[in-house]
Every structure is written in structure tokens, then in C-alpha cells.
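Examination of the molecular architecture
The chain contents come next:
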Amino acid sequence: MNDITPLAPKSRMARIIDSDVFYSYRTSPVAIVSSIVAAVLILAAIFAPWIAPYDPFNPRTLNLMNGFTPPMSESFSGSFFLLGSDHQGRDVFSAILYGSRVSLMVGLSAILFAMVLGVTLGLIAGYRGGLTDTIIMRIADIQLSFPSILIALLIFGIARGIIPPNQRESMAIFVLIFSIGLSDWAQFARTVRGTTMVERQKDYVSAARIIGVKPVFILIRHILPNVLGPVLVIGTIGLALAIIAEATLSFLGVGVPPTQPSLGTLIRIGQQFLFSGEWWILFFPAITLVLLALSVNLLGDWLRDALNPRLR
């Protein structure tokens, strides 16, 4: 009689390496390059205080004699600027690092707020149905009929009118997050609502109802895990759109305050000097924004294909 030794269970890391998603990632050059670019930009923004050679937003360290220094050059005072300096003598490279932190923080916070709100309303609409579903979906349809940037501008303007003038600058970032998030929840709600309507008809949901599980626990424990795949895809792509929306609002002058400029603010400042020869003040913040949004967007496209068996 032969002894058969059972195979040892694979570790979690081994299961991840053997998964279809990881195989799709390592065979996709676009996903690999996009993840590397996104990781470099995000890490550079996180560690900006340690990477940036100067503090670009400390007035005590600015020297007007360093203004309009070209890239890879030394100024009159002997300071070296990798990507040049702007009209106030601020190091463009350091300003991009600090500006990326603001753009990423606002974009990530806004999309998380939109995700939580949209997923919650989508679960309620899909599970309850009836009048609740009709009201939530009609509101979502009305919002989707307008460009999200216009809705964000409207919400931003209303919020700024409510906040007292002496608190507007300190509350500007929170208002911006609220405005962008409230303009992007509808796509999450519609996606989750459709998936929830399918899942609530399945046997495991019926069994949970029969044994007396409360609806809120059915939604959280049983239905929510089955709708996270599409939500992650929409959230990844939505992050790129939220970063662009923040840059657009800041470019229009209704975004973050001047004391905490983002990439959009730096682009708005740089476009004033584009035709006077100081092209680097606009070019480098703009190319950083393009690389950040494009890499995150391409990762979202790959994630959509990797999580959908029909597209493999």
C-alpha cells in the first residue's frame, strides 16, 4: 500500500502569483510601464519634503534674483535649478513635487467620497427597488446629463457662498473634495445598482432572508463583495478624472488656495509666461499632470480587462 503525501496548501503570495490577474499584468507591457510611472510620481509626491531641494512655498527662502532661471542652469546667486525657476524664483522641480501632493490628495479623497456615496445609494436602490430606486436613479440621470466639471463649479460656488469669508481659504480644499466627489457618485450608483439587482435574485440572498439575516448585513456581507470588481475599475479610472477635474478648477482660479498650489495652479501661472520665452514654467507641470493622469487611466483600462473574463 503506497503512502500518498498530501500537497501542502499554497501561501497567499503563491496564489497571487498564480492568479489570472497577475498573469495578465506581467504579460501586459502597458500595465507594467503605467504602474512604474504612477508609482514613481506618487512616491515622489509623498516624499516631497525629503526629495525637493528647496521649499518653494516658504517666502523666506525665495530670492527674486533667481527668477526665470532656465532648466539645468545656475542663477545669479549660484543656486542650481534642475527644471528652472519661475518668476518668483521658486524651483519648478520642488513646486511640482509639492503640487503633486495636493493634486493626488484632492483627487484620491474626492473619488473615495464619490465611491462611498455612490456604492451606498446603488446598493439601496438595487436592493429596495420601487420608489426608492426610482428617486435615486432619476437624480443620477439628471446629474449625468450635465458635465461633471459644471456640477463641480456649481457646488463649489454654492459652498463658497455659504462659508464665511474668513474661513474660505482654510476650507477651500475640503470644498474642492466635496464638489468633485458629489459630481462623480452617479456612475458608481448606476453600476452597483445593476449588479445588486442581479445578485438579490440569487439563492444565497434568498437563503439569508429565510434565516432572518437583516437587509443591511445582506448588503454588506453578501452583495457588496460581489460588486467590488466593477467599483475598483471605475474608481481607478475616476481617480485620473478627479485629478484632471481638480487641475481644471485650479486652472480656472476656483480651486486650492495660492498658499497650497496644485499642478493646476502651477499650469495657470506658467501659461502667463508661455509666449515670453519661459516655456519651462508651464511645460514641466503640464507634462507631469499628463503622465500622472495617463498612467492611472491606463491602469484602470488594464484592470477592467483583467477582471472581466469576457475581455481576456
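For the structure, see preceding data.
How each quantity is defined
Residues numbered from 1 in each chain as written. Predicted model: local features only at pLDDT ≥ 70, side-chain atom pairs only at ≥ 80, totals over all residues. Heavy atoms only, no water. 1 Å grid on protein atoms, 1.4 Å probe; cavity = no way out; pocket = protein on both sides within 12 Å on 5 of 7 lines; lining within 4 Å. Points joined across faces, edges and corners; volume = space filled by probe spheres on them. Helix = DSSP H or I, 4+ residues; strand = E, 2+ residues; numbered from the N terminus. Nonpolar A, V, L, I, M, F, W, Y, C, P; charged D, E, K, R; others polar. Core = buried A, V, L, I, M, F, W, Y, C linked by side-chain atoms within 4.5 Å. Buried < 20%, exposed > 50% of the residue type's maximum accessible area, 1.4 Å probe, protein only. Contact = heavy atoms within 4.5 Å. Salt bridge = Lys/Arg side-chain N within 4 Å of Asp/Glu carboxyl O.

1. Let's talk about empty space enclosed by the protein
- Following the criterion strictly, the structure yields 1 cavity of 30 Å³ or more and no others.
- Volume-wise, the largest cavity comes out at about 80 Å³.
- As for the largest cavity, its lining consists of Asp-86, Arg-90, Asp-91, Val-92, Ala-95, Ile-96, Leu-266, Ile-269, Gly-270, Ile-281 and Pro-285.
- At the level of secondary structure, the elements contributing two or more residues to the lining of the largest cavity comprise α5 (92–128), α12 (263–270) and α13 (280–307).
- Taken together, the residues that form the lining of the largest cavity break down as 7 nonpolar, 1 polar and 3 charged.

2. Notes on the nonpolar core
- Counting residues in each nonpolar core, the largest one holds 38 residues, and the members touching the most others are Ile-96, Phe-188 and Ile-223.
- Every element with two or more residues in this core is listed here: α5, α9 (185–199), α10 (203–210), α11 (215–251), α12 and α13.
- What Phe-188 contacts, discounting residues up to four positions off in sequence, is Ile-111, Ala-114, Met-115, Gly-118, Val-119, Val-231, Ile-234 and Gly-235.
- One finds Ala-110, Phe-156, Ile-163 and Val-175 within the second-largest nonpolar core, a separate group that totals 16 residues.

3. Topic: the pattern of salt bridges
- The final tally for this structure, using the stated rule, is 5 salt bridges.
- Close ionic contact of Asp-141 with Arg-190 constitutes a salt bridge, the shortest N to O distance being 2.5 Å. With Asp-141 in helix α6 (residues 130–144) and Arg-190 in helix α9, this residue pair connects regions lying 49 residues apart in the sequence.
- Look at Asp-141 and you get partly exposed, because its relative accessible area is 28%.
- One salt bridge connects Glu-199 with Lys-202, and the closest N-O pair in it is separated by 3.1 Å.
- The class of Lys-202 is partly exposed, set by a relative accessible area of 37%.
- Connected through salt bridges with shared partners, the residues Arg-138, Asp-141 and Arg-190 form a single ionic network.

This is a description of form; function is not addressed.
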